[in-house]
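# Report on the structure
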Amino acid sequence: MRIRQFIIAFIALLAAGAPAATADGGKVKEVSGQYRYYVPRHIARDKAEQIALERAMIEAIANEFGTILSQNSRMDLRSSKQGESVDFYSSASSMVKGEWVETIGEPKFGIQLDDGEIVVTCEVKGRARQVARARAELDVRVLRNGTGDDAENNAFLSGDKCMLAFTSPVDGYLTVYLEGQDGTVFRMLPFYAQRNATARIEGNKRYVFFASDQGDEEQYQLTSDNGTEINTIYVVFSPNEYVKPVDHSGAEDLSLKELSAEAFRKWINKARALDEQLQIVARPITITKPIED
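Residues numbered from 1 in each chain as written. Predicted model: local features only at pLDDT ≥ 70, side-chain atom pairs only at ≥ 80, totals over all residues. Heavy atoms only, no water.

## Quick word on the overall build of the chain
Along the chain, the regular secondary structure elements total 4 helices and 16 strands. Here the chain holds 293 residues, and 47% of them are scored as buried. Across the chain, the fraction of contacts at a sequence separation of at least 24, relative to all contacts at a separation of at least 6, is 77%. Only carbon and sulfur atoms are counted for the fraction: they give 47% of the accessible area of the chain, which is about 14900 Å². (Helix = DSSP H or I, 4+ residues; strand = E, 2+ residues; numbered from the N terminus. Buried < 20%, exposed > 50% of the residue type's maximum accessible area, 1.4 Å probe, protein only. Contact = heavy atoms within 4.5 Å. Areas by Shrake-Rupley, 256 points an atom, 1.4 Å probe, with all protein chains shown as cover.)

## Structural notes on the pairing of strand β15 (residues 257-260)
Where strand β9 (residues 184-189) lies against β15, 3 bridges are found, and the strand directions are antiparallel. Looking at β15, one finds that Thr-184 is bridged to Ser-260. Examined bridge by bridge, strand β14 (residues 248-249) and β15 share 2 bridges and lie antiparallel to one another. Residue Ser-249 lies in a different strand from β15, and its bridge partner there is Lys-257. (Pairing = 2+ DSSP bridges.)

## Looking at helix α4 (residues 261-274)
With 14 residues, α4 should reach 20 Å at 1.5 Å per residue; the first-to-last C-alpha distance of 20 Å fits that figure. All buried positions along α4 are accounted for by Ala-261, Phe-264, Arg-265, Trp-267, Ile-268, Ala-271 and Arg-272. Within α4, the buried residues cover an arc of 165° as seen down the axis, which keeps them to one side. The exposed set on the far side of α4, more than 90 degrees from its buried face, consists of Lys-266, Lys-270 and Leu-274. For α4, the capping residue at the N-terminal end is Ser-260, with a side-chain oxygen 3.0 Å from the backbone nitrogen of Ala-263. (Expected span 1.5 Å × (residues − 1). Arc of directions from axis to C-beta. Polar contact = N/O pair within 3.5 Å; in protein donor to acceptor, adjacent residues only side chain to side chain.)

## Some remarks on the nonpolar core
Generally speaking, soluble globular proteins have nonpolar side chains that are buried together. Grouped together as the largest cluster of nonpolar side chains are 29 residues, with contacts concentrated most on Phe-166, Leu-174, Val-176, Phe-209, Ile-233 and Val-235. Not counting the four nearest positions on each side in its chain, Val-176 is found in contact with Leu-164, Phe-186, Arg-187, Met-188, Leu-189, Phe-210, Ile-233, Tyr-234 and Val-235. (Core = buried A, V, L, I, M, F, W, Y, C linked by side-chain atoms within 4.5 Å.)

## Here's the deal with the pattern of salt bridges
Counting across every chain of the model gives 10 salt bridges. Taking the shortest distance from any N to any O, the salt bridge between Asp-114 and Arg-36 comes out at 3.6 Å. In this pair, Asp-114 is assigned in strand β3 (residues 98-114) and Arg-36 in strand β2 (residues 29-38), connecting sequence segments 78 residues apart. The closest approach of N and O atoms between Asp-160 and Arg-144, which form a salt bridge, is 2.7 Å. On the criterion of sequence distance, the pair formed by Asp-160 in the loop between β6 (155-157) and β7 (161-167) and Arg-144 in strand β5 (residues 139-144) is long-range, its members being 16 residues apart. When its relative accessible area of 9% is taken as the criterion, Asp-160 is described as buried. A network of salt bridges, in which partner residues are shared, links Asp-139, Arg-141, Asp-149, Glu-152 and Arg-206. (Salt bridge = Lys/Arg side-chain N within 4 Å of Asp/Glu carboxyl O.)

## Overview of the side chain of Gln-50
Assignment of secondary structure puts Gln-50 in helix α1 (residues 45-65). Setting aside its immediate chain neighbours within four residues, Gln-50 contacts Asn-154, Ile-230, Pro-284, Ile-285 and Thr-286.

## Observations concerning the confidence of the model for the chain
Low-confidence regions, as indicated by low pLDDT, have predicted coordinates that should not be scrutinised in detail. Per-residue pLDDT for the chain has a mean of 76; in total, 75% of the residues score no lower than 70. The spread of mean pLDDT over the elements of the chain runs between helix α2 (residues 71-74), the lowest at 31, and β7, the highest at 95. Within the model, pLDDT remains below 50 along residues 1-25, and this stretch shows 95 contacts once partners closer than five positions in the same chain are excluded. Low pLDDT (under 50) marks residues 69-91, which in the prediction has 36 contacts with non-local residues, meaning those over four places away or in another chain. (pLDDT = per-residue confidence, 0-100.)

## Here we look at the packing of aromatic side chains
Centre-to-centre distance and the angle between the planes together describe a pair of aromatic rings. Applying the stated criterion across every chain, the model contains 10 aromatic pairs. Centre to centre, the rings of Tyr-177 and Trp-267 are 6.0 Å apart; their planes meet at 55°, and the pair counts as tilted. Remark: Trp-267 occurs in helix α4 and Tyr-177 occurs in strand β8 (residues 172-179); sequence separation between them is 90 residues. Both residues of the pair, Tyr-177 and Trp-267, count as buried. Centroid distance Tyr-242 to Trp-267: 6.0 Å. Interplanar angle 45°. Geometry classified as tilted. Separated by 25 residues along the polypeptide, Tyr-242 in the loop between β13 (228-238) and β14 and Trp-267 in helix α4 bring together distant segments of the chain. A single burial state applies to Tyr-242 and to Trp-267, both of which are buried. Counting every residue linked through ring pairs, the aromatic cluster contains Tyr-177, Tyr-234, Tyr-242, Phe-264 and Trp-267. The ring of Tyr-173 is capped by Arg-200, whose NZ or CZ atom sits 4.7 Å from the centre of that ring. (Phe/Tyr/Trp six-rings, centres within 6.5 Å; stacked < 30°, edge-to-face > 60°. Lys NZ or Arg CZ within 6 Å of the ring centre and 35° of its normal.)

## With respect to the environment of Gln-50
By relative accessible area, Gln-50 is classed as buried at 5%. When the C-alpha positions of Gln-50 and Val-120 are compared, they lie 9.9 Å apart, and in sequence the two are 70 residues distant.

## Focus: α1
With 21 residues, α1 ought to run about 30 Å at 1.5 Å a step, and its terminal C-alpha atoms sit 30 Å apart, in line with that. Judged by how many residues are buried, α1 sits mostly within the fold: 15 of 21 residues are covered. Where α1 terminates, the next one or two residues include Gly-66, which has phi positive at roughly 90°.

As structure tokens, this is what we get:
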């Protein structure tokens, strides 16, 4: 892997592992959810599948642990032909009383026609844990070829630059990782040449990472050899200082620091058990190679 290139295939939302007890006494439980997403005309199929997957996960967590919403409002979480409030749903993950820990197997997608409308279906199984205490509400945005909020996008073309906007209401510590299906996890932040364990974050300050114009060291260019690849960026934040896992340089010079998926998973489980305020935000993205004329 080169510094400015990611040629990575499908990324799971954390590899399988044993359930772990949490600091607040909660245990990881096996959950399942499904979702029917009525696809607007401007949404590509790969993006629609990502949306359906994210909402199926939220459904699974809400079914097991509940939500802070009322029963009447709870019904608004479901998609329908009459439409839905995207803004409302995008904040639903912070309203359920749990968090996704890992995915079991592969999500199952389907596509249907309902009265002339395209519907993407998703069924997913995984493990989740209950969250008893309120946590800082984070603003995490994956940006494509720009630094403003209007550049937020999870669908990239091969060669696009990827940046990350991050805001927390409280001071804290941040790391960013990317996991590949080959069992390798790459550390995106802190960058490979930085010795600090985490990036120190000031509350109520908007950060844009990987946008430096001072050389290549903080820029990432996403590439795909063929077709569409699905990737996931993991953002790890806590108001409490934590120690990142042990990682090492890859085979290539100036390559990103990396570790195995197993080591990353063990670190996540241990960190969560020790710190109930530690959060992991997963942001799936796609990288598509344009069809040549």
